Structures are given as structure tokens and as C-alpha cells.
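Each chain, letter by letter, is given below.
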Amino acid sequence: MSDAYDEKDDAHGEVNGNVDGSVEQDEKPQPPDEEEHTDDDSSSEESEGFEEDIELREDAETDALGGLDIETTKDISVPDNLIDQVIGQEHAVDIVRKAAKQKRHVMMIGSPGTGKSMLAKAMAEMLPREQLEDTLVYHNPDDGNKPKVRTVPAGKGKEIVESHKEEARKRDQMRTVLMWIIIIGIVVYAFLVRRFLLGIIAAGVIFIAFRYLKNDSDAMVPNLLVDNSDDETAPFRDATGAHAGALLGDVRHDPFQSGGLGTPSHDRVEAGAIHEAHHGVLFIDEINTLDIRNQQSLMTAIQEGKYSITGQSERSSGAMVQTEDVPCDFVMVAAGNMDAMENMHPALRSRIKGYGYEVNMKDTIEESPEIRRKYARFVAQEVEKDGNIPHFEREAVAQVIKEARRRSGRKDHLTLKLRDLGGLVRVAGDIADDEGAELTTKQHVLQAKNRARSIEQQLMDRHIERKKDYDMTISEGGMVGRVNGLAVMGEDSGRVLPIMAEVTEGKGEVIATGKLQEIAEESVQNVSAIIKKFTGRDVSEMDVHVQYIQTYEGVEGDSASITMATAIISALEDVEVAQDVAMTGSLSVRGDVLPVGGVTYKIEAAAKAGIDKVIIPKANEQDVMIEDEYKDQVEIIPVQHISEVLEHALVKHEGKEGILDRIKDLASDFDVDAAGQPSPQ
């Protein structure tokens, strides 16, 4: 019995199991071109030539689809390989190709939805399948709590298990026949000698004895721990958020362990993601959320290429079981946002960096006809992947590309957060499907934009609706010390943020309330310096109180700096601020207006609130891409300096000119170039 696992495997002529857990495999002829999966040139040609069968229009440079002469997305061919479907991440694609060829680890850092998991899956496609193996766990007759581990070529594991099961069935049949012969003989003998009770007891003992023998037969059948027989590509395992057992393997608890009634220990062993990813890719997103002890174990598995399995629960009977080392020679792809590197185990990051690559994913890509063609292909990809929505008309694809342009927040750029954009495609397709339309139209995409709003947008709409009875937004007249600022919730929802300032006797401090975060607090200090410099007032015996109205969720950034400065100057000089003006912009200590984020959504929020003018930094002028419906509702005023802000925001007053004159005199001390950018001097 002790040599059963070796003899059986040798009988198949495929694997010789050695005592140390190593495997001797019969040599097989290698395929003629082993690197065909990672051939950069062939893949590149496929990705660039997806529209070879489609004629390009003469106006490719200006065409919304980059010159693709199509009627619907059905006319666009979609590449079969995932790596050829990735858009805008050329550097990351190049790294993944090299990493797949050389079997290097990769860490990808970037915003959610930029293609990290897709690249990891593509990497698995490029790894050679010929190296895949099945992993078997055998009963150890010398120590039942230390099961033995063997590996065999992919597909052979099932054959070995079935062969062992067949032999076990034959043995069980023979034992069953023998058992019933003995039992019948005992019963007949007891009947003849008229000792019925003794015969029943003897028959029961024989039955239990044979049941024990059946457990021995079960122990002879190996446990197929990892089965790669049906995999067409190298394995890909997503272990994001996995607990210790799911990641490192586990041994099930057995409540019937004693008395010989329990399941053999090797049958209770379960593979972890690291073992299932053997000769494949292990993908872990948000790597910093992984328990620090699991990160240490993961580092050991990466370094050794093998990791034994034991029960992860200390109170479980599985904790007594520990297998031989189980192979886990995988390529690791770790992913996360920028904060992932801060909480990641330094040694684990060092191992990835020392034996692999680090990639920073891009959020946007510069627009070009070729890129627009790829975005049209992206829409076709999403339709095919979903399988339940109709194809898109040409105008509908153009509308999706327009939304990609808006979401980038940069002039002549398109967003690379394609998961969110894919959500818009699917919602538009669902609307078309509900209507029974054969194709998804531009109108369906426009409806989808309204229906697929983010949680922040929905909360803001609800907030605006509830505020109507207690509205704090004022869009006409003038008020001293009150300014309509602009803010953004999440990434795509703007709001009007009124700020009020009041001057009292004090110690020369600027006191701001409204749950300000670190960056916002720093902006208060900058504004304090500007006020003292530009007003020429002695504020040593007065305090300036600034209130951010209805900021229950707090203020994180510094984009309200010019709003705060305007409110304070208005309060100090007792000059009214026009309430039909809203503004956003950061401020340097010299009074330069610096660029901020989310200007498009902020302007749209001002337009919804009935505000006529919006002041934005000059540097953000190129980033404005508001919807057509708001273009006639609001005037956009780009500015470079705080003096320009005050000129547009303060109501005409005899004191206004004096303030502006003093500020302009002070501002003239600073060099500002013709483009409006602060001089490096």
C-alpha cells in the first residue's frame, strides 16, 4: 500500500514520482515556434490593421470616427487577442509583452477602469500552454497528516484519478462479495446451532470491519488538486480581496476525524489561488488591502515557486495537516491606485520591482484620427462582449467618443477610464433593446447619459431638489462678504458652494469653518498672506471668519481659494460682490490664479443654478467642454490674477476702483508674461 501512488503513476508511463516531490517527465518534442504567443510584430500588426477591410474617408482628420467609412459597429472587426483590444496604454502593452516573454512580475498603478485586469488576462493568453501541469495530492501511509504532492502534464491528472478509482471500485466489489459470503455463512451457522444473537453480533462485527477496509480504499485514490485539462490558455486567477485560505490554500475541517470514519487528510486539501495560477498569472487588485501576513506568505511563494498547504483556522482539525510543497511558479500582476504603494509590504514590492516591471497607467490619451478609430472599435468590442444589445449607428458611436472627450477633462484628449465608458455603451444598448430597436442611436446614448449618472450626480440632483425650499443660492443682486464658489463631488458632479466672510475684532487670524481637509487648510494660510499683502490693511487687531456653507461632507481641495479671497476682501472693504457670478480657482501667494480640476462640471452646475457668469483660471480655458444646452446660459470668464477676479466680481462702487487700483499697483511688482502664466522670476 505504501508504494501505491508511485506504482500507479509509473504504470501510465508519464510520471515518476520521487520522494522529494520532484517529477520526471517524458521528453516531448517542442513546437516549432515556441514564442509565437509573444511575437511583438505579429500582434502589433493585428492591432494596427483591424480596419484594413474598411475604407477610410477623405476627411479622416476631422471625421468624428477618424475616417472609418461604416454605417454601424457591425462593420468593425474585433481582434481575437485581448492584448490587441487594449486602447491607449501602449507603454503598458509593451511591458506586458516583455513580461510574458520573460515571465516577469508586473505592478500596475493607476485609476480604476483603465485596463489593468484586461492586461493581466491578456498576459495569461500569451504564456505558453505547453507547460501546464495538473497537481495531485496522495495519502501518505507513513504520516496521514503530511500528504504527498505530485505534478503531471495537464490532462493526465484525470486519467490517474480515474484509474485509481476504477481499481478501488474493483477491490470494493471483491470485498463486498466476500463480506456477504462471510455474513451469510455466519447467519446460516448461527441458525443451525440456534445461537441467533451471537450470529447477529458476529455479522455486525464483520460488516464494520469491511467498512474500515473501504476507508483504506478511499485513501488510495489521489485528490486532483489543480486540474488544467480543459484550459485553452495559461491559467488566470483573480485573487483580489481573497482571504488566507482562498489565496494560500486550505484544509477542510473534519468533525469525524476520530474513529476511522473521517475523510482522509489528502482529500480535504484545497488549492489556493497561488497554486491554481501555477505556470499562469495571479492577479491581485488593490494589493494594499491584502493582509500583511498574507503579503509575507505571497512573497515566500514568489521567491520559492512552491508553498505547502495547511489549515488556516487554528482551531480546525485541518491545522494538523501540512502537505509537501505544492508548486506555484506563477507570474504575479499586482494593481492598485497610487495609495497602494504606501501600504504595500516593502519586501513584496521590492521583489516585484527587482524581478519585473512597474507601470503607471494613463488616464487620458491625446486625440487623433487613429485613436478615434480605436474608440469606435471599443464600442464594437463592448457590443460583442455583452451579446445582448444591438449594434451602434455611426452617430451613436460619435456621441460616445464625444462623451469620452468630455470625461477626459483636457482639451484634445479622450478618457482612458474605459470601464465607465463601457457602462455608458451598455446602458444605451439596454435602452435600445427595451424599445425593440434594431440599432442603438445617438438619442439612446443621450438618454443613457442621464440614466447612467453616478451616485454623486444622483445625490447632488436630490440635494438640489430638497434645497429648493431652503435654497442658499443667490443669483442676483449684490452682497458684502458673500461669494458663489464652485465645487465638484466625486469626479463628475458639480455644485454651487457659497462662502461667507465676516470681520471682527481679534488677533489678526483667518478662521475658516466647514470641515476643511489638509489642502483646504493650506489654502486658507495662502489667502491670509494675500489679504495682508493686497489690501494694505492692518489686520493685526481683527479676525476674519470664513464659512463654507452646507459643506457637511467637508472640503478637500484648494479650488475655492479665489472665492475665499474675494469674500474676505469684500468684507474688509465693505464692497458688495455680484451674486450672478460664480468662480473657481486656486491662488498663489503672489495672487496668480492657478488651474483646478472639474471645471466643466462646475460650470454646468452654475448654469443649472441660474448663475450668469463663471470665473475660471485662464489655464483651464482649454478644458471646458460643457453640453450644448448650457452654452447660451452662462458666460465663461477666464482670468490670470486676483485683480481680474475682483474686477468682474465686485459690484460697481466708489470704493471698488480704489481697491482695484491698490491691487493692480501691487500686482505690477510681479512679472506676468503675455500668455498669462506667472514668470519663473
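Quick notes on the rules
Residues numbered from 1 in each chain as written. Predicted model: local features only at pLDDT ≥ 70, side-chain atom pairs only at ≥ 80, totals over all residues. Heavy atoms only, no water. Helix = DSSP H or I, 4+ residues; strand = E, 2+ residues; numbered from the N terminus. Contact = heavy atoms within 4.5 Å. Areas by Shrake-Rupley, 256 points an atom, 1.4 Å probe, with all protein chains shown as cover. pLDDT = per-residue confidence, 0-100. Core = buried A, V, L, I, M, F, W, Y, C linked by side-chain atoms within 4.5 Å. Buried < 20%, exposed > 50% of the residue type's maximum accessible area, 1.4 Å probe, protein only. Pairing = 2+ DSSP bridges. Axes fitted to C-alpha atoms, helices over the stretch in contact; angles between N-to-C directions. Left-handed = near helix turned anticlockwise from the far one by under 90°. Nonpolar A, V, L, I, M, F, W, Y, C, P; charged D, E, K, R; others polar. Polar contact = N/O pair within 3.5 Å; in protein donor to acceptor, adjacent residues only side chain to side chain. Salt bridge = Lys/Arg side-chain N within 4 Å of Asp/Glu carboxyl O. Arc of directions from axis to C-beta. Patch = residues over 30% accessible without salt bridge, like charges linked within 9 Å, V, L, I, M, F, W, Y side chains within 5 Å. Lys, Arg positive; Asp, Glu negative; His and termini not counted. Charge placed at Lys NZ, Arg CZ, Asp CG, Glu CD. Phe/Tyr/Trp six-rings, centres within 6.5 Å; stacked < 30°, edge-to-face > 60°.

What follows covers the overall build of the protein chain. Counting secondary structure elements, the protein chain contains 22 helices and 25 strands. Within the protein chain, residue pairs in contact and separated by at least 24 positions form 74% of the contacts whose partners lie at least 6 positions apart. As presented, the protein chain carries roughly 33400 Å² of accessible surface, and 47% of it is formed by carbon and sulfur atoms.

Glancing now at the confidence of the model for the protein chain. Across the protein chain, the average pLDDT comes to 79, with 77% of residues at or above 70. This stretch, residues 1-49, has a pLDDT under 50; its non-local contacts, to residues over four places away or in other chains, come to 74 contacts. Counting contacts from residues 670-681, a segment whose pLDDT is below 50, to residues more than four positions away or on other chains yields 14 contacts.

Ranked by internal contacts, the top residues of the largest apolar core, which has 33 residues, are Val546, Tyr548, Ile562, Ile568, Met583, Ile615 and Val645. Counting only elements with at least two residues in this core, the list comes to β16 (482-489), β17 (493-505), β19 (542-548), α18 (561-573), β20 (576-578), β21 (581-583), β25 (635-639) and α21 (642-649). It is α18 that provides the largest number of residues to this core, a total of 8 residues. Ignoring sequence-local partners within four residues, the contact set of valine 645 consists of Ile562, Thr566, Met583, Val593, Ile615 and Val639.

To continue, consider the pairing of strand β5 (residues 148-153). Within β5, 6 of the 6 residues are buried, leaving the element largely enclosed by the surrounding structure. Strand direction decides the pairing type here: strand β4 (residues 133-138) and β5, joined by 6 bridges, are antiparallel. Pairing of valine 137 across the sheet is with valine 149, part of β5.

Attention shifts here to the sheet that holds strand β12 (residues 356-360). One open sheet accounts for 5 strands, arranged β7-β10-β11-β3-β12; its pairing is parallel. Each of the sheet's edge strands pairs with one partner strand only, and the pair in question is β7 (236-238) and β12. Averaged over all neighbouring strand pairs, the angle between strand axes comes to 15°, with direction disregarded. Across 3 bridges, β7 lies against strand β10 (residues 281-284) in parallel orientation. Across the sheet, the residue bridging to aspartate 238 is phenylalanine 283, located in β10. The strands touched by helix α3 (residues 90-102) are β3 (105-109) and β12; relative to β12, the strand with the most contacts, the crossing angle is about 165°.

Right, let's get into the packing of helix α12 (residues 369-386) against helix α14 (residues 418-434). In the contact formed by α12 and α14, the axes pass within 10 Å of each other and the chain directions differ by 65°. Viewed along their axes, α12 and α14 form a crossing whose handedness is right-handed. Contact with α12, carried on its side by Tyr375, Phe378, Val379, Glu382 and Asp386, involves Leu418, Leu421, Gly422, Val425 and Arg426 of α14 and no other residues of that element. Residues that form the contact of α12 with α14 fall into these classes: 6 nonpolar, 1 polar and 3 charged.

What follows covers the sheet that holds β5. Read from one edge to the other, the open sheet built from 3 strands follows the order β5-β4-β6, with strand pairing classed as antiparallel. With partners counted over all chains shown, the strands left at the sheet margins are β5 and β6 (223-226), one partner each. Ignoring which end each strand starts from, the neighbouring axes of this sheet average 35° apart. Lying on the sheet, helix α5 (residues 156-193) is in contact with β4, β5 and β6; it crosses β4 at an angle near 30°.

The subject of this paragraph is the environment of aspartate 291. Counting through the fold element by element, aspartate 291 comes out in the loop between β10 and α9 (292-304). Considering only alpha carbons, one finds aspartate 291 and alanine 244, 47 residues apart in sequence, at a separation of 8.3 Å. One polar contact links the side chain of aspartate 291 to the main-chain amide nitrogen of arginine 293, over a distance of 2.9 Å.

Before going further, it helps to spend a moment on the pattern of salt bridges. Applying the stated criterion across every chain yields a total of 31 salt bridges. Where arginine 150 meets glutamate 324, a salt bridge forms, and the shortest distance between an N and an O atom there is 3.3 Å. You can see arginine 150 sitting in strand β5 and its partner glutamate 324 sitting in the loop between α9 and β11 (331-336), a full 174 residues away along the chain. By the burial criterion, arginine 150 is buried, and glutamate 324 matches it.

Taken together, the buried positions of helix α15 (residues 442-451) are His444, Val445, Ala448 and Lys449. In an axial view of α15, the angular spread of the buried residues amounts to 145°, which keeps them on one side of the axis. Set apart from the buried face of α15 by more than 90 degrees, the exposed residues are Asn450 and Arg451.

This part covers the packing of helix α13 (residues 394-408) against α14. One can describe the packing of α13 onto α14 by two numbers: an axis separation of 11 Å at closest approach and a directional angle of 145°. Along this stretch, α13 crosses α14, giving a crossing that reads as right-handed. Facing Val400, Glu403, Ala404 and Arg407 of α13, the residues of α14 in contact are Asp420, Leu421, Leu424 and Val425. Class assignment for the residues of the contact of α13 with α14 results in 5 nonpolar, no polar and 3 charged.

On the surface, a cluster of negative charge is contributed by Glu55, Asp69, Glu71 and Asp75. Relative to the elements of secondary structure, aspartate 75 occurs in the loop between α2 (40-48) and α3. What makes aspartate 75 partly exposed here is its relative accessible area of 39%.

This brings us to the packing of aromatic side chains. This structure, assessed with the given rule, holds 1 aromatic pair. On the basis of an interplanar angle of 25° and a centroid distance of 6.1 Å, the ring pair of phenylalanine 236 and phenylalanine 283 is categorised as stacked. Of this pair, phenylalanine 236 sits in strand β7 while phenylalanine 283 sits in strand β10, and the two are 47 residues apart along the sequence. Its relative accessible area of 2% is what places phenylalanine 283 among the buried residues.

Let's shift gears to a nonpolar patch on the surface. Where nonpolar side chains cluster on the molecular surface, the patch consists of Trp180, Ile184, Val188, Tyr189, Phe191, Leu192, Val193 and Phe196 and spans about 890 Å² of accessible area. It is α5 that provides the largest number of residues to the nonpolar patch, a total of 7 residues. Among the secondary structure elements, valine 188 is positioned in helix α5.

With that settled, consider the side chain of histidine 413. Structurally, the position occupied by histidine 413 is in strand β14 (residues 413-415). Excluding residues that lie within four positions of it along the chain, histidine 413 makes contacts with Thr364, Ile365, Glu366, Glu367, Ala404, Arg405 and Ser408.

Glancing now at the pairing of β4. With 6 of 6 residues buried, β4 is to be regarded as a mostly interior element. Going residue by residue along β4, you find Glu133, Thr135 and Val137 tucked away on one face and Asp134, Leu136 and Tyr138 tucked away on the opposite face as well. Bridge analysis of β4 against β6 gives 3 bridges, and the strand direction is antiparallel. Across the sheet, leucine 136 pairs through a bridge with leucine 224, a residue of β6.

Right, let's get into the environment of serine 588. Here serine 588 is to be found in the loop between β22 (586-587) and β23 (593-594). Accessibility expressed as a relative area gives 15% for serine 588, which makes it buried. Sequence spacing of serine 588 and histidine 641 is 53 residues, and the spatial spacing of their C-alpha atoms is 9.4 Å.

On to the environment of alanine 567, then. With respect to the secondary-structure elements, alanine 567 resides in helix α18. By relative accessible area, which is 0% here, alanine 567 ends up buried. Each C-alpha atom of the pair alanine 567 and proline 498 lies 9.8 Å from the other, and the pair is 69 residues apart in sequence. Excluding residues within four positions of it along the chain, alanine 567 makes contact with Gly481, Val483, Ile499 and Ala501.

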